[in-house]
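Summary of structural features
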Amino acid sequence: MWKKRDFELQRELMVKTQIIARGIKDPLVIQAMKRVPRHMFVDESLIYEAYGDYPLPIGENQTISQPFMVASMTEQLELTGGEKVLEIGTGSGYQTAVLAEIVREVYTVERIESLAKRAKETLDRLGYKNVHIFSGDGTLGLLEYSPYDAIIVTAASPDVPPPLFEQLKDGGRMVIPISDYFGQTLVRVRKKKRREIRERLYGCVFVPLVGEYGYR
Ligand code: SAM
């Protein structure tokens, strides 16, 4: 049976070979990836695979994203530390924890109640005090705590849900996988004077965003 130190060594190796070696440079992101114990976010039967270079099942037909994807999406948000971030698609809560290591407050919404509950238990056990978890349709955003400096969507959508763009601060960034006929592309949206500037980043594979402004 592995001890805490064995998991730490696996994590260090993951950061070196999957994160830094593939070009992630932001020291805040690297530090967060080194700190968050990914094995605590997966089922007991998968803990020895938690630092592998792939997504893993978390139940309810959903997945915890590949470590590189978590690091890369976080880096694309251009965080500096004082932000209020909205995450749509809490899943296991792993990406939430990575964000919580970096920013001031994280608001996160998960459609599937059982996943939201489990993520909350994990994040509470790890002592994150700056995370606020909600269960519901994240395509509507969370108006009461808006506007947000950054928004991250971790499920693929046919387009940018209008409420999310509305709830982004001027100068804010949103990272979202967008699907079309040819596949999915990770897109960064910047809000400048209420206008939208889109950058296509790279191809990706995510579960669908299901909701009023996602897939029905
Ligand atoms: N980032 C997560 C992690 O680290 O474990 C993985 C997220 S998983 C790829 C995508 C999640 O989005 C799933 O848990 C799914 O239930 C959720 N989801 C899909 N549609 C949603 C919606 N409209 N609102 C909130 N969550 C949604």
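Note that this is a predicted model, so its numbers are computed, not measured. (Residues numbered from 1 in each chain as written. Predicted model: local features only at pLDDT ≥ 70, side-chain atom pairs only at ≥ 80, totals over all residues. Heavy atoms only, no water.)

Some thoughts on the overall build of the protein
Helix and strand counts for the protein come out as six helices and nine strands. Its C-alpha atoms give the protein principal-axis dimensions of about 50 × 35 × 35 Å. Looking at the protein as a whole, 53% of its 216 residues are labelled buried. In the protein, once contacts between residues fewer than 6 apart in sequence are set aside, the share between residues at least 24 apart is 56%. Summed over all atoms, the accessible surface of the protein reaches about 10,600 Å², with 52% contributed by carbon and sulfur. (Helix = DSSP H or I, 4+ residues; strand = E, 2+ residues; numbered from the N terminus. Buried < 20%, exposed > 50% of the residue type's maximum accessible area, 1.4 Å probe, protein only. Contact = heavy atoms within 4.5 Å. Areas by Shrake-Rupley, 256 points an atom, 1.4 Å probe, with all protein chains shown as cover.)

Overview of the pairing of strand 7 (residues 168–180)
As paired strands, strand 6 (residues 148–153) and strand 7 are joined by four bridges and run parallel to one another. By the bridge assignment, tyrosine 148 is partnered in strand 7 with leucine 168. The hairpin turn running from strand 7 into strand 8 (residues 183–192), its antiparallel successor, is two residues long. (Pairing = 2+ DSSP bridges.)

Quick word on the packing of aromatic side chains
As enumerated under the stated definition, the model contains eight aromatic pairs in all. Taking the centre distance of 5.7 Å and the plane angle of 40 degrees together, the rings of phenylalanine 134 and tyrosine 145 count as tilted. A residue pair is termed long-range when its members are at least 10 positions apart, and phenylalanine 134 in strand 5 (residues 131–135) and tyrosine 145 in the loop between strand 5 and strand 6 qualify at eleven residues. Under the relative-accessibility criterion, phenylalanine 134 is labelled partly exposed at 25%. Taken together through their ring pairs, the aromatic side chains of Tyr107, Phe134, Tyr145 and Tyr148 make up a single cluster. Positioned above the aromatic ring of phenylalanine 68, the side-chain terminus of arginine 22 is 5.5 Å from the ring centre. The ring of tyrosine 94 has arginine 38 lying over it, and the distance from NZ or CZ to the ring centre is 4.9 Å. (Phe/Tyr/Trp six-rings, centres within 6.5 Å; stacked < 30°, edge-to-face > 60°. Lys NZ or Arg CZ within 6 Å of the ring centre and 35° of its normal.)

Observations regarding the nonpolar core
Of all hydrophobic cores here, the largest spans 47 residues; its most connected members are Met33, Leu79 and Tyr94. Counting residues per element, the ones that place at least two in this core are helix 1 (4–20), helix 2 (27–35), strand 1 (56–59), helix 3 (67–76), helix 4 (94–102), helix 5 (113–125) and strand 6. Top contributing element to this core by residue count: helix 4, with six residues. Once residues lying within four places of it in the same chain are set aside, the contact partners of tyrosine 94 are Met14, Met33, Val36, Arg38, Phe41, Ile64 and Val70. Judged by nonpolar contacts, the second largest core, of 19 residues, contains Leu142, Ile151, Val160 and Val189. (Core = buried A, V, L, I, M, F, W, Y, C linked by side-chain atoms within 4.5 Å.)

So, the side chain of serine 179
Along the polypeptide, serine 179 turns up in strand 7. Looking at serine 179, its side chain comes within polar contact range of the side chain of tyrosine 215, at 3.3 Å. (Polar contact = N/O pair within 3.5 Å; in protein donor to acceptor, adjacent residues only side chain to side chain.)

A short note on the sheet that holds strand 5
Taken together, seven strands build an open sheet; the order of strands is 5-4-3-6-7-8-9 and the sheet is mixed. Because the sheet does not close on itself, it has two edges, and the strands there are strand 5 and strand 9 (195–204). The mean inter-strand angle of the sheet, taken between neighbouring strand axes irrespective of direction, is 15 degrees. Here helix 5 sits on the sheet and contacts strand 4 (105–110) and strand 5; the angle it forms with strand 5, its principal contact strand, is near 165 degrees. (Axes fitted to C-alpha atoms, helices over the stretch in contact; angles between N-to-C directions.)

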